[in-house]
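Listed below are the residues making up each chain.
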Amino acid sequence: IAILCYHRIGGSGIVAYEIGRAMAEDKGHTVHFMGLEPPFRLKDQYSDRMRFHKVHMKEYPVFDYQPYALALASQLSVLIKRHNIHVIHSHYAMPHAISAFLGRDISGKCVKCVTTLHGTDITVVGAHPSMMDITCYAIEKSDSVTAVSRSLALESETKMCVTKGRIKTIYNFINPRFFNPQLRSDTLRGNTDKFILMHISNLRPVKRPLDVIRIFHKVHQVMGDKVALHIVGEGPMQFEMMKMVEDLGIEKDVLFLGVRSDIGALIASSDLFLLPSEQESFGLAALEAMACGIPVIATRVGGLPEVIDDEESGFLFSLDNIEEAAEKAIRVLNDTEFYNSIRNKALDTALNKFNMDKIVQQYEDVYTH
Ligand code: GMT
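Summarised in this report is the structure supplied together with it. (Residues numbered from 1 in each chain as written. Predicted model: local features only at pLDDT ≥ 70, side-chain atom pairs only at ≥ 80, totals over all residues. Heavy atoms only, no water.)

## Quick notes on the packing of aromatic side chains
Right, so step 1: Under the criterion given, the structure shown has seven aromatic pairs.
Right, so step 2: Look at phenylalanine 101 and tyrosine 137: their rings are 6.2 Å apart centre to centre, the planes differ by 75°, and that puts the pair in the edge-to-face class. Here the residue phenylalanine 101 occupies a position in helix α3 (residues 93–107), and tyrosine 137 occupies one in helix α5 (residues 132–141), the gap between them amounting to 36 residues.
Right, so step 3: By relative accessible area, tyrosine 137 is classed as partly exposed at 45%. (Phe/Tyr/Trp six-rings, centres within 6.5 Å; stacked < 30°, edge-to-face > 60°. Helix = DSSP H or I, 4+ residues; strand = E, 2+ residues; numbered from the N terminus. Buried < 20%, exposed > 50% of the residue type's maximum accessible area, 1.4 Å probe, protein only.)

Dropping the structure here:
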């Protein structure tokens, strides 16, 4: 199996890595990751069954941009021949699926091309008129196409004029080894009794990081210094967030923790997770929190209503409705019995509806049928 994915910290790289790891360790396949850098979780996990092949790019001053998709296709064709690849699994239609077709054609071998749609490859890149036709082509010509939520499958079919029923939904999953309630630590909580609200993202505008501050401020107005906000990650809106925190005079209770690798333990050591995104095809961070038993308050957008049952396994609110989000946060933090029922349902959802073994099996079925 060859897996094409982006290495940067983000949901699609995590999911691509975890599928590859499970295919290698649990299912006995040999998996070759290919890209500019290894997926960040691969680090020291290399084995005979799990390898990484770096795509080399030649610097050439005539081009403003190096043709990554073509370099990938060319080097993939060599990989196909050398390692007897049967399946190429592309994460993102663009550009990976196109590189996969080209690599297969150059190799002259019979290889199955599976494409998984994650989000902005469709909703932003693919939906733009400059890329629409090639994205449709990538979807129509893949041997199998999956999307990480029904919402994304539907949006792709309508926006991209793709044949109805062509895209199969296979939900994302988390690896319970990295996300579970046992990871909770008093030290990571800073030995505090305060309720810790947490947000983790790359702090891009699509994550609405200023809404995180606005929601926390409302909660803080009611609950005072019984609550603290911990923000994990770095990104373009960080300084605006810091300025807002200062302007609102809540610096004492807001902590910016930067980029961290102990995400599971940090989430498990919090009490409530905020995800006020403008768009999420799935919202892997929400599932990570649920697997740690931490209730999530998220926007009712994209695939999030498929992950969270409002008032059952977490909370949904309308985009921009800061009041609604804050009201839900205050209500659940002040009612231990309600909090525990949400927590238990969240854990149950993460372990059953989004069970890792079950979902890996769905991918293996797609590879083999
Ligand atoms: O496409 C992006 O903006 C980044 C991408 C990623 O690599 O994490 O996020 C998308 O894929 C994730 C994994 O399937 C989903 O959990 C995210 O919801 C999705 N992001 C958006 O739809 C904005």
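## Remarks on a nonpolar patch on the surface
Right, so step 1: A cluster of nonpolar side chains, namely Tyr60, Val62 and Phe63, defines an oily patch on the protein surface of about 320 Å² accessible area.
Right, so step 2: In this structure, valine 62 sits in the loop between β3 (50–54) and α2 (68–83). (Patch = residues over 30% accessible without salt bridge, like charges linked within 9 Å, V, L, I, M, F, W, Y side chains within 5 Å. Areas by Shrake-Rupley, 256 points an atom, 1.4 Å probe, with all protein chains shown as cover. Salt bridge = Lys/Arg side-chain N within 4 Å of Asp/Glu carboxyl O.)

## Some words on the site of the ligand
Right, so step 1: Near the ligand, the surroundings consist of 16 residues, among which Gly11, Ser12, His118, Thr120 and Glu280 are the closest.
Right, so step 2: Within the backbone of glycine 11, one N or O atom sits 2.6 Å away from an oxygen atom of the ligand.
Right, so step 3: The separation between an oxygen atom of the ligand and a polar main-chain atom of glycine 283 is 2.9 Å.
Right, so step 4: Surface burial for the ligand is 91%, taken as the share of its 490 Å² of free accessible area covered by protein chains.
Right, so step 5: Among the residues making up the shell around the ligand, the classes are represented as four nonpolar, 10 polar and two charged. (Near = heavy atom within 4 Å. Polar contact = N/O pair within 3.5 Å; in protein donor to acceptor, adjacent residues only side chain to side chain. Nonpolar A, V, L, I, M, F, W, Y, C, P; charged D, E, K, R; others polar.)

## Quick word on the sheet that holds strand β9 (residues 227–232)
Right, so step 1: One open sheet holds the six strands; their spatial order is β10-β9-β8-β11-β12-β13, and the pairing between them is parallel. Because the sheet does not close on itself, it has two edges, and the strands there are β10 (254–258) and β13 (315–317). Neighbouring strand axes in the sheet, compared pairwise and without regard to direction, differ in orientation by 25° on average.
Right, so step 2: Relative to β13, strand β12 (residues 296–299) runs parallel, the two sharing three bridges. (Pairing = 2+ DSSP bridges. Axes fitted to C-alpha atoms, helices over the stretch in contact; angles between N-to-C directions.)

## Some points on the packing of α3 against α5
Right, so step 1: Axis separation between α3 and α5 bottoms out at 9 Å; the angle between their running directions is 55°. On the basis of the axis angle, α3 is oblique to α5. Every pair of crossing elements has a handedness; the one defined by α3 and α5 is left-handed. Contacts from Ala93, Met94, Ala97, Ile98 and Phe101 of α3 reach α5 at Ile134, Thr135, Tyr137, Ala138 and Lys141.
Right, so step 2: Its residues assigned to classes, the contact of α3 with α5 shows eight nonpolar, one polar and one charged. (Parallel < 35°, antiparallel > 145°, perpendicular 65-115°, else oblique. Left-handed = near helix turned anticlockwise from the far one by under 90°. Contact = heavy atoms within 4.5 Å.)

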